[in-house]
6 protein chains.
Amino acid sequence: MLLHLSTWAEVGQYLERSRSIVVPIGSNEQHGPTGLLGTDWLCPEIIAHEAEKSADILIAPTFNIGMAQHHLGFPGTISLRPSTFIAAIGDWTRSLAVHGFEKILFLNGHGGNVASIEAAFSEIYAEASFAKRRSGFALKLCNWWDLEGVGELAREQFPTGHGAHATPSEIAITQWALPETIKTASYAPQIAPSGPIRDALEFRARYPDGRMGSDPGQASQEKGGALVKLAAQSLIREMDAFSRESVPD
Amino acid sequence: MLLHLSTWAEVGQYLERSRSIVVPIGSNEQHGPTGLLGTDWLCPEIIAHEAEKSADILIAPTFNIGMAQHHLGFPGTISLRPSTFIAAIGDWTRSLAVHGFEKILFLNGHGGNVASIEAAFSEIYAEASFAKRRSGFALKLCNWWDLEGVGELAREQFPTGHGAHATPSEIAITQWALPETIKTASYAPQIAPSGPIRDALEFRARYPDGRMGSDPGQASQEKGGALVKLAAQSLIREMDAFSRESVPD
Amino acid sequence: MLLHLSTWAEVGQYLERSRSIVVPIGSNEQHGPTGLLGTDWLCPEIIAHEAEKSADILIAPTFNIGMAQHHLGFPGTISLRPSTFIAAIGDWTRSLAVHGFEKILFLNGHGGNVASIEAAFSEIYAEASFAKRRSGFALKLCNWWDLEGVGELAREQFPTGHGAHATPSEIAITQWALPETIKTASYAPQIAPSGPIRDALEFRARYPDGRMGSDPGQASQEKGGALVKLAAQSLIREMDAFSRESVPD
Amino acid sequence: MLLHLSTWAEVGQYLERSRSIVVPIGSNEQHGPTGLLGTDWLCPEIIAHEAEKSADILIAPTFNIGMAQHHLGFPGTISLRPSTFIAAIGDWTRSLAVHGFEKILFLNGHGGNVASIEAAFSEIYAEASFAKRRSGFALKLCNWWDLEGVGELAREQFPTGHGAHATPSEIAITQWALPETIKTASYAPQIAPSGPIRDALEFRARYPDGRMGSDPGQASQEKGGALVKLAAQSLIREMDAFSRESVPD
Amino acid sequence: MLLHLSTWAEVGQYLERSRSIVVPIGSNEQHGPTGLLGTDWLCPEIIAHEAEKSADILIAPTFNIGMAQHHLGFPGTISLRPSTFIAAIGDWTRSLAVHGFEKILFLNGHGGNVASIEAAFSEIYAEASFAKRRSGFALKLCNWWDLEGVGELAREQFPTGHGAHATPSEIAITQWALPETIKTASYAPQIAPSGPIRDALEFRARYPDGRMGSDPGQASQEKGGALVKLAAQSLIREMDAFSRESVPD
Amino acid sequence: MLLHLSTWAEVGQYLERSRSIVVPIGSNEQHGPTGLLGTDWLCPEIIAHEAEKSADILIAPTFNIGMAQHHLGFPGTISLRPSTFIAAIGDWTRSLAVHGFEKILFLNGHGGNVASIEAAFSEIYAEASFAKRRSGFALKLCNWWDLEGVGELAREQFPTGHGAHATPSEIAITQWALPETIKTASYAPQIAPSGPIRDALEFRARYPDGRMGSDPGQASQEKGGALVKLAAQSLIREMDAFSRESVPD
């Protein structure tokens, strides 16, 4: 069930049978010579929407702009500062809590979001902790590549050149879902360099075409489809377990 | 051209021929018994993506959560506070400005966003004004129903019961674009009441099914299609004029 | 009754008979070759203080600095950023709410304030909406030129050259109230240009003497007096209606 | 010269002969059984406007709402939080700096403002200090009762029962300037208690009629007039010295 | 009892017999040619830890970075902006209040902290005041040099050249506690100049070696020891009185 | 070299030979029945001060309060919210950058700090990235248990019951450095439970004595000493490598 294609009454009915929701969250940022700028929010959206087809889970609209300050040296990147990102995640979460959602899973598509999302969770919980009350909800961050079995499959598919940014696995997923957007390029070097991430100009100096440690040329629609199918099933199990988890008094 | 389906290099090439971009912006909030929660961000997205098919304009990802605090009494509504919304619009804008965009048009789908978007523009311009420098870009807010000819068509299509929220025109647009999501309900009263907007609980007390002054039952796919086609053409002309506008020294 | 010339006990007694208050709010900014920098806060103050003479209404001190970032290119302009303005309106409102005021009308004298005042209202209401409680008060924004009959009179007095900034109507009001401050100048062109409002340097480039679309030379004390008398009576009726308005449970 | 009754061109001319300005700043808060709620902003305004009559000094509009959280237990008090107050003082100051003001004296009428005003100054200077540049202006806080000779006169006029809040000296000043607002009451005890200042409810419990250590019954118009005349002359000398002060390279 | 060397259970037991705590607070900033950068946080820490040896008082960890923007022109200075400082003091205080501490004394070692600490107190109290509830705790700021008898002793020890920054009294205290860190230098002039404090570059231009009005060459371990012993005893009495102070209903 | 025991001139001289600095950073929070509240800031301080004895590295004062909202259910815990923590880390970093430090390593002692520290780094870098300039410095987060060889040693020392909070390794370190503070208790169960971390009340319900997965009874001074010696040497190598790292143009 996609929240944005439902009415408020339909969401009200859903809340009578479940208090859980998935929020796809990513980033809009450069993904090398062939990767789509939307890759990091498209991937969790694609996986969540796939999962929703075979399970009674509720998917929120996609949080599509994340923490990508280091990619601002490449045209098309849009970034929130961590402080803005934390405030926005807070307002999304508090809105969902108003309606009674108690288990909110953020399905994340961007490694650079992780720290800020976790900081956001602490910021939200701190309101309850300083007030000596229970927050009333549980927040979970889950990167799609950490869903059960997905990392193993990606390592099998791409034993070398997976890398950390503009990876063949994420590009394969968008190729599967959006075949009309497949781009090609010759990569030089075939596997991009690795190193630290700091400000945007240093990033561009270190990683001239935007890739980090990856060879996106290995991506294929078929591999992408396999990843999506597996990730969707794992997400359904993850949500089932999360929904069942009881919180001690 | 859809930014999120492009590479950074493609956006770089676009910037050589144009410095303009459209950002669809809306809200995810209750829209009465039959309206989709996503209505307000789907409408500008639908219009912008339609326009993009017949003109060389660049469309940013959709800013899908807006200022909807008054709708929080209805399940599924997600709202940013004005302060969060202003911060986020600022970061989107500054990101685009980093890349050299000089004309940024926010195509808006939610009346409740207007004040906060304009306040955000002033907040951004103020940085330049306090620093005694030019900002280097022009921001424009355009509600899709204010695009040339669109309001007239809507008034013609819906001479009574158009109202202010969950209007038949916006619902018609989502019906045209997403026919599989069409919902039906009986409305009582046929035309919803009107009045002020304050906090969420007062809103729900005043407008029990979420509509304000509207009769969404008049919506049809056909009317929606006519609105979209007209709005898309007006948006193209609007962007053309905005792009050509010169700024005095 | 002017709050700042009353004791706390007198305000306490007033609260036993009424829960309503008027807050004059404006801006301190350039108003062309002859307009006073204080025009936009003086006008609502003059009207509110005139109304207070013939009705039992309570007038707060004047909120005299508003959102005028675009006028910072002209000496004497003092502006708050929207974020500061929103925070300050919030603290004024919460202070009044502590005392039990339930109907707070901001009588505004500056068009550039409108978006930020409305955003401030939403920011304040959002506290209640996110907490699932009623705010306990109603906020209303009323521009003095939108008071019943006032716009009509101004259009009658100034059929051409009224414009949008440094208008003859607002200058007439200060001429009537503060005749010793009347200034004269020759205007070239007689009616100033119109156009968009962005950052301060662009504003000064577009509007070299500060006026927008106006011919302030048409102002007179007599016209100002007529506007004030009418506006004061309309304000009294507006406050009466606002005070009587009931809020649904 | 009163800034709000001047045009931008007049302020521009003033800036050619002086870079100094006085900002009267106070608070709107309870002042005991007979003191006006506006006492703390009226006093510096009265003194500054008196000084302006006999010297070429420029007076900004009055900053009329300050840090008065501890008085919120009494009707009519309006307070900014320190964080809001600091932000607003920052925007006033940065606005004046845009125009080239280099010496900005805040003439303060409320002891409770002192810490927040000084914190605001540090917040503003810190922008320059962190950027390794000069701020370009000097800020000075001057309480009216600390102007040369004023404290001595007040101690002479009121050897006992001057106290710390709702003092006879400040009430005398408003009596002199606004004789139509003089109120009377019997005070019990004649001299109010003293003690610490914390939150608003504790304040009201400690100081039931709002006074702290004072006997306002000793105020008179005559004493107020003497205080104003002396303070105005001292302010003129203070501004003269401040204007002449050179800043080392 | 030093909180950081205790377990949570030990603090829990302490709270059964006392609700009071001391927070040493200072700054890390240049202290002239011979003063330690840590002087301003070491002094209150030394005094508080000395006091703790002979009384059952609880000492929090030292808040070691304060408001020192004006010292940023000298290597090694670390400063918080007032806004950050206020936020941090708020979080410390709210944390202690969660545990039931009702009397929190900040023993301060830096004059430049005073305004921001007091503003922080008002910011914290304002939460209660705006919510019409009691805060539940009392905050007290106490500079170590204002502890009973300490100022008198310092004036006796250093009748001339005590000054305002890098004073012989504070340097003597670190000499007594940390004799291995004693530094020497020749001072020119022997007594440093005095004047205003603004931004960091102006500060360094006015006070080239960092001292203000002081001759630190008069410091000695012996004098430092006498100051510490006296201050520690005064602090114990101060805490005893503060702990006993009752708050009216 | 300890910054707080140095003069500004000594730090100035250090900057001529090195642009690197270590900032010990931790948290003040409950550490189970026997762990000190200061454990998480004491450990990195102990290691850094040990390293400083045998290498020319500069150690900043210890950042002793971190993100510990989940521990607020236990007396003595003091926590910053992530937003405050991020602001404070920003001001520390910007202060150090003013002086020319180019390599700033935060030696961290609290796992709960990691997300907020990394978010803080991104917040700081974003200033440069949005301004299209280089930041001029590199920030590195290093948990002491991730220093080369340290994790291996801890796993060897504590093959079972190391856990995630109140671990025998961190307690061993404080036992070695502060033997007079060693506490004993009987643990039930011997190894504490594991699970998620959310708000403070849920945390206390899940982990009644404060430990997570650990058996601190295995700690010994001897093991602590071995950990400190190894960590100090690894830190020296880490700083050496970090100092030498060149940043591409």
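Residues numbered from 1 in each chain as written. Chains lettered and ligands numbered in written order. Predicted model: local features only at pLDDT ≥ 70, side-chain atom pairs only at ≥ 80, totals over all residues. Heavy atoms only, no water.

As annotated in an unreviewed UniProt entry, chain A is Creatininase family protein from Paraburkholderia solitsugae.

Once that is clear, we can look at the arrangement of the chains. At their nearest point, the C-alpha atoms of chain A and chain D are still 18 Å apart, with no contact between the two. There is a clear gap between chain B and chain E: no contact, and 18 Å between their nearest C-alpha atoms. (Contact = heavy atoms within 4.5 Å.)

This paragraph deals with helix α6 (residues 168-177) of chain A. Residue and element names in this part refer to chain A. Across the ten residues that make up α6, a large majority, eight, are buried. Residues of α6 that are buried include every one of P168, S169, E170, I171, A172, I173, T174 and Q175, and no others. Those residues of α6 that are buried lie in contact with α2 (39-52), α5 (150-157) and α8 (221-244). (Buried < 20%, exposed > 50% of the residue type's maximum accessible area, 1.4 Å probe, protein only. Helix = DSSP H or I, 4+ residues; strand = E, 2+ residues; numbered from the N terminus.)

This paragraph deals with helix α5 (residues 150-157) of chain E. Residue and element names in this part refer to chain E. Turning to α5, its buried residues number three or more, namely V150, G151, L153, A154 and Q157. Each buried residue of α5 lies within a common arc of 160° when the element is viewed along its axis, so the set occupies one face. Of the residues in α5, the exposed ones pointing more than 90 degrees away from the buried face are R155 and E156. As for α5, its buried residues are in contact with α6 (168-177) and α8 (221-244). (Arc of directions from axis to C-beta.)

Attention now goes to the relation of the copies chain B and chain A. Structural alignment of chain B on chain A gives an RMSD of 0.0 Å, achieved by rotating through 180° and translating 0.0 Å along the axis. In short, the pair behaves as if placed about a two-fold rotation axis. Considering only C-alpha atoms, the residue of chain B closest to the rotation axis is T84 of chain B, which sits at 3.4 Å. (Least-squares fit on C-alpha atoms with pLDDT ≥ 70 in both.)

Residue and element names in this part refer to chain C. Read from one edge to the other, the open sheet built from three strands follows the order β1-β2-β3, with strand pairing classed as parallel. Each end of this open sheet is capped by a strand with a single partner; those strands are β1 (20-25) and β3 (138-143). Each strand of the sheet is rotated relative to its neighbour by a mean of 20°, with strand direction disregarded. Bridge count for strand β2 (residues 103-108) against β3 is six bridges, and the pairing is parallel. (Pairing = 2+ DSSP bridges. Axes fitted to C-alpha atoms, helices over the stretch in contact; angles between N-to-C directions.)

Summarising the model, chain A shows a mean pLDDT of 98, and 100% of its residues fall at 70 or more. If you check the scores for this complex, the pTM reads 0.98 and the ipTM reads 0.98. (pLDDT = per-residue confidence, 0-100.)

The linkage connecting A188 of chain C with the following residue, P189 of chain C, adopts the cis geometry, with an omega of -5°. Located in the positive-phi region is A166 of chain B, a residue other than glycine, with phi close to 60°. Tracing the sequence through the fold places A166 of chain B in the loop between α5 (150-157) and α6 (168-177). Its relative accessible area of 0% is what places A166 of chain B among the buried residues. Even without being a glycine, K132 of chain F presents a positive backbone phi close to 55°. One can find K132 of chain F in the loop between α4 (114-130) and β3 (138-143). Given a relative accessible area of 51%, K132 of chain F falls into the exposed group.

All names here are of chain E. An order of β1-β2-β3 is seen for the three strands of this open sheet, with the pairing classed as parallel. Two strands close off the open sheet at either side, each with one partner strand: β1 (20-25) and β3 (138-143). Sheet twist, expressed as the average angle between the axes of neighbouring strands with direction ignored, equals 20°. Examined bridge by bridge, β1 and strand β2 (residues 103-108) share six bridges and lie parallel to one another. The residue of β2 that forms the bridge with I21 is I104. Of the strands in this sheet, β1 and β2 touch helix α2 (residues 39-52), which is tilted by about 150° from β1.

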